[in-house]
Amino acid sequence: MNGGGKQESDEERLDRLEREEEEKNAMQELETKTLDAKREMAVADALDEIRTRNARNERMGKDGLEVTVARESINEEKQRQDQEDEEAARRAFMRRHEALEEVVEDEPDNGGEGPAPPITKKEALQMPPPPAPAPSFKRVVKKKKDYASALGIKKKPSLV
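Sequence order as written defines residue numbering, which begins from 1 separately in each chain. Given that this is a predicted model, residues contribute local features only at a pLDDT of at least 70 and side-chain atom pairs are listed and counted only at 80 or more, while totals for whole chains, interfaces and linings are drawn from all residues. In computing side-chain properties, one takes all heavy atoms of the structure into account and sets aside hydrogens as well as water.

**Things to note about the overall build of the protein**
Note the threshold: Per the convention used, a helix needs a DSSP run of H or I reaching at least four residues, while a strand needs a run of E reaching at least two, with both numbered from the N terminus. Relative accessibility under 20% of the residue-type maximum defines a buried residue, over 50% an exposed one, and the middle range a partly exposed one, all with a 1.4 Å probe and only protein chains included. Surface exposure here means Shrake-Rupley accessible area, sampled with a 1.4 Å probe, where a residue is shielded only by the protein chains that are shown.
Counting its secondary structure elements, the protein contains four helices and zero strands. Counting every position in the protein, which comprises 160 residues, the buried fraction comes to 2%. Put simply, the protein shows about 16,100 Å² of open surface, and 55% of that area lies on carbon and sulfur atoms.

**Some thoughts on the pattern of salt bridges**
We count it as follows: Should a side-chain nitrogen of Lys or Arg be within 4 Å of a carboxyl oxygen of Asp or Glu, the pair is scored as a salt bridge.
If you walk through the whole model with that rule in mind, you get eight salt bridges. Across the salt bridge formed by Glu 84 and Arg 80, the nearest N and O atoms sit 2.4 Å from each other. With Glu 84 and Arg 80 both in helix H2 (residues 65-106), this residue pair falls four residues apart, about one helical turn. Residue Glu 84 is classed as partly exposed on the basis of its relative accessible area of 42%.

**Considering the confidence of the model for the protein**
We apply this condition: Known as pLDDT, the predictor's per-residue confidence is scaled from 0 to 100.
Here the protein shows a mean pLDDT of 77. Residues at 70 or above account for 77%. Of all the helices and strands in the protein, H2 carries the lowest mean pLDDT, 74, while helix H1 (residues 2-60) carries the highest, 84.

**Digging into a negative patch on the surface**
Quick reminder of the rule: Exposure above 30% relative accessible area and the lack of any salt bridge qualify a residue for a patch; like charges then connect within 9 Å, and the nonpolar side chains Val, Leu, Ile, Met, Phe, Trp and Tyr within 5 Å. In this tally Asp and Glu are treated as negative and Lys and Arg as positive; neither His nor the chain ends contributes. Here the site of a charge means atom NZ of a Lys, CZ of an Arg, CG of an Asp or CD of a Glu.
There is a patch of like negative charges on the surface, built from Glu 8, Glu 11, Glu 12, Asp 15, Glu 18, Glu 21, Glu 22 and Glu 23. Within the element layout of this structure, Glu 11 appears in helix H1.

**Some thoughts on a nonpolar patch on the surface**
A contiguous nonpolar surface patch, about 380 Å² in accessible area, is contributed by Tyr 147, Leu 151 and Ile 153. Within the fold, Ile 153 resides in the segment after helix H4 (147-151).

In structure tokens form, the structure reads like this:
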């Protein structure tokens, strides 16, 4: 019987070794699959980059004229926008000056005295703006709301 028990343990040992070997093979297969997937992703990224570069080169043309044209058009566009901004600012300031002239011309009342001497545009522009009303910092006390009644909480009357 000892021989049979020893043979069985040898068989068990062989089975265990075969299982371990299969597990090692499964791990190796998994590792090779992940490496293959990584390689495929790297190849796909490289192809995408090459396609993008080729498409950019096709748009640019063989001698690169489009790049310089694009830069020039961007510079021209920026200059045009700057000129439009300057023109808009100039118009806005001119409107302000015209409005000041109208205000100065429309104010003949000088507190009951005779006719006011006319103010020139230059004098009106040199005058300081009228003072703004002073802000009020008076404390305003707000009435507290009784949220207890809104929530349905009933207060017991004080015993004192």
